[in-house]
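# Remarks on the overall topology
Each chain, written out:
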Amino acid sequence: MSIAANIEGIREQIDVACRGVGRDPSGITLLAVCKQQPPETVGAAVVAGLRHLGENRVEEAVTKIPQVQSCVAEPIVWHMVGHIQSRKARQIPGLFQMVHAVDRLNLARRLSALMHERGDTLDVLLEINVSGEASKAGFNAFGWQEDAELRARLWQDCETLLGFPGLRVCGLMTMAPIAPDMETTRPVFRQLAALRAALARDLGVPLPELSMGMTDDFPVAVEEGATIVRIGRAIFGPRRENEK
Ligand SMILES: *Cc1c(COP(=O)(O)O)cnc(C)c1O
C-alpha cells in the first residue's frame, strides 16, 4: 500500500467514526508520527496532504526536521509527542510548535523559561495517566472522579501550569494501555474527555485539544472526542522490532 492510500484509508475511518457520533471530521487533526522514517518517506506524507508531523525523540528530530523541511515547500507544524528529558528541553523551542507530553511541572517550568526568554509562546498539552499504570508517565489522574484529594492536587498543578508565561496550555494527551482490542481502551479515552471538560469548567479555560488514539485504536478515540490522533504504523507501515 502507498502512503497516500494509507492516509486515504485512515481519513475514511475517521469519517465513519465521526458520522457515528455526529462529529465534523474537520475538527480532527491527523498527526503523522514519523519516528524512524527517513526524510523521503516523511516527504511522501506531506505530498499526500498531511501538514502535522510528529517525532518522539529529540535527537532524531534535531537532524530530521531540517532534512524534511528542505525537501518540502509546504509549511509543517511539528509536534513533539514523546517524553522529554529535562536536559533536552532547551532543544525544543524553535524546533517544535506543539509539545504533547508535558508530564511534570519541572519540565513545564523549564520550557516556560526558555520560551519567555525568546519572547515566544509554545503550545503544550498535559500528559495524563488515566489508567494508573506505574510504567506510564504523566500527571496521575487515576480515579480522579472519586478521589477528592487527588483531584485537588491535579487541579492545583494545572493552575500552576496555566500561570507559566510562554506556554499556551491547549489541552490533554494520553497514551492508552496496550490492549487486545479497541473497546478495552474506550474507557480511558472517555475518562480523558471527561477530565478535560471538568478542568475547563472549573479553571475557566477552553482546553480545546484532546490528543488520543494511535494506529490500533484511533476510531474509538475519535468517537470519544479526540481532536488530534497520533498515527505512525497505519501511515508508514511497521517499524523495526524492539523500538516503540
Ligand atoms: C509512536 C507513537 C505514536 C504512533 O504509534 P502507532 O501505533 O505507530 O500509530 C503515537 N504517540 C506516541 C507518543 C508515539 O510514540
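Let us look at the structure shown here. Note that the coordinates shown come from a computational prediction; the quantities given were computed from them, not determined experimentally.

Once that is clear, we can look at the overall build of the chain. Assigned secondary structure in the chain consists of 8 helices and 9 strands. For the chain, the C-alpha radius of gyration of 17 Å lies close to 18 Å, the compact-globule estimate for 244 residues. The proportion of buried residues among the 244 residues of the chain is 50%. In the chain, the proportion of contacts linking residues at least 24 apart, taken out of those at least 6 apart, comes to 61%. A total accessible area of about 11500 Å² is found for the chain, and carbon and sulfur atoms account for 51% of it.

Another point: the packing of helix H5 (residues 148–162) against helix H6 (residues 182–203). Remark: H5 packs on H6, axes separated minimally by 11 Å, with the N-to-C direction vectors making an angle of 65 degrees. For H5 against H6, the interelement crossing comes out right-handed. The segment H5 lies against H6, with Leu 154, Trp 155, Cys 158, Glu 159 and Leu 162 engaging Leu 195, Ala 198, Leu 199, Asp 202 and Leu 203. Class assignment of the residues belonging to the contact of H5 with H6 gives a composition of 8 nonpolar, no polar and 2 charged.

Every residue close to the ligand is listed here: Val 33, Lys 35, Asn 56, Val 81, Met 175, Met 214, Thr 215, Arg 230, Ile 231, Gly 232, Arg 233 and Arg 239. Within the side chain of Thr 215, a nitrogen or oxygen atom sits 2.5 Å from an oxygen atom of the ligand. Between an oxygen atom of the ligand and a side-chain N or O atom of Arg 233, the distance comes to 2.6 Å. Here the ligand, which alone exposes 390 Å², has 95% of that area covered by the protein. Split by residue class, the shell around the ligand holds 5 nonpolar, 3 polar and 4 charged.

Our next topic: the pairing of strand E7 (residues 167–173). With respect to burial, E7 is a largely interior element, 6 of its 7 residues being buried. Bridge count for E7 against strand E8 (residues 209–211) is 3 bridges, and the pairing is parallel. Its bridge partner lying in E8, Gly 171 is registered against Glu 209. Crossover E7 to E8 through H6 is right-handed.

We now examine the state of the cysteines. Going through the model one piece at a time under the given rule, you end up with 0 disulfides. Free cysteine: Cys 71, not disulfide-bonded; nearest cysteine sulfur from Cys 34 at 11 Å. A disulfide-free cysteine, Cys 158 has its sulfur positioned 13 Å from the sulfur of Cys 170, the nearest such atom. Residue classification places Cys 158 among the buried positions, given a relative accessible area of 6%.

Quick look at the pairing of strand E4 (residues 98–102) now. Summarising burial for E4: 5 of the 5 residues are buried, a large majority. One ladder, built from 2 bridges, connects strand E3 (residues 77–80) with E4; its direction is parallel. For Met 80, the partnering residue across the bridge sits in E4 and is Val 99. As judged from the 3 bridges shared by E4 and strand E5 (residues 122–129), these two strands associate in the parallel manner. The residue of E5 that forms the bridge with Met 98 is Asp 123. Read as a crossover between parallel neighbours, the route from E4 over helix H4 (residues 105–118) to E5 is right-handed.

With that out of the way, let us pick up unusual backbone geometry. One non-glycine residue with positive phi stands out, namely Gln 36, at about 70 degrees. At Leu 207, a position not held by glycine, the phi torsion is positive, near 40 degrees. Along the chain, the position of Leu 207 falls in the loop between H6 and E8. Taking relative accessible area as the criterion, Leu 207 reaches 5% and is therefore assigned buried.

Turning to the pattern of salt bridges, a few remarks are in order. All told, the structure shown has 13 salt bridges when counted by the stated rule. A salt bridge links Arg 186 to Glu 223; its shortest N-O distance comes to 2.8 Å. Linking Arg 186 in helix H6 with Glu 223 in helix H7 (residues 218–223), this pair joins segments that are 37 residues apart in sequence. Taking relative accessible area as the criterion, Glu 223 reaches 30% and is therefore assigned partly exposed. Three or more residues joined by partner-sharing salt bridges are found here, namely Glu 183, Arg 186, Arg 190, Glu 223 and Glu 224.

What counts and how
Residues numbered from 1 in each chain as written. Predicted model: local features only at pLDDT ≥ 70, side-chain atom pairs only at ≥ 80, totals over all residues. Heavy atoms only, no water. Helix = DSSP H or I, 4+ residues; strand = E, 2+ residues; numbered from the N terminus. Rg over C-alpha atoms; globule rule 2.2 N^0.38 Å. Buried < 20%, exposed > 50% of the residue type's maximum accessible area, 1.4 Å probe, protein only. Contact = heavy atoms within 4.5 Å. Areas by Shrake-Rupley, 256 points an atom, 1.4 Å probe, with all protein chains shown as cover. Axes fitted to C-alpha atoms, helices over the stretch in contact; angles between N-to-C directions. Left-handed = near helix turned anticlockwise from the far one by under 90°. Nonpolar A, V, L, I, M, F, W, Y, C, P; charged D, E, K, R; others polar. Near = heavy atom within 4 Å. Polar contact = N/O pair within 3.5 Å; in protein donor to acceptor, adjacent residues only side chain to side chain. Pairing = 2+ DSSP bridges. Right-handed = clockwise from strand over helix to strand, strands pointing away. Disulfide = S-S within 2.5 Å. Salt bridge = Lys/Arg side-chain N within 4 Å of Asp/Glu carboxyl O.

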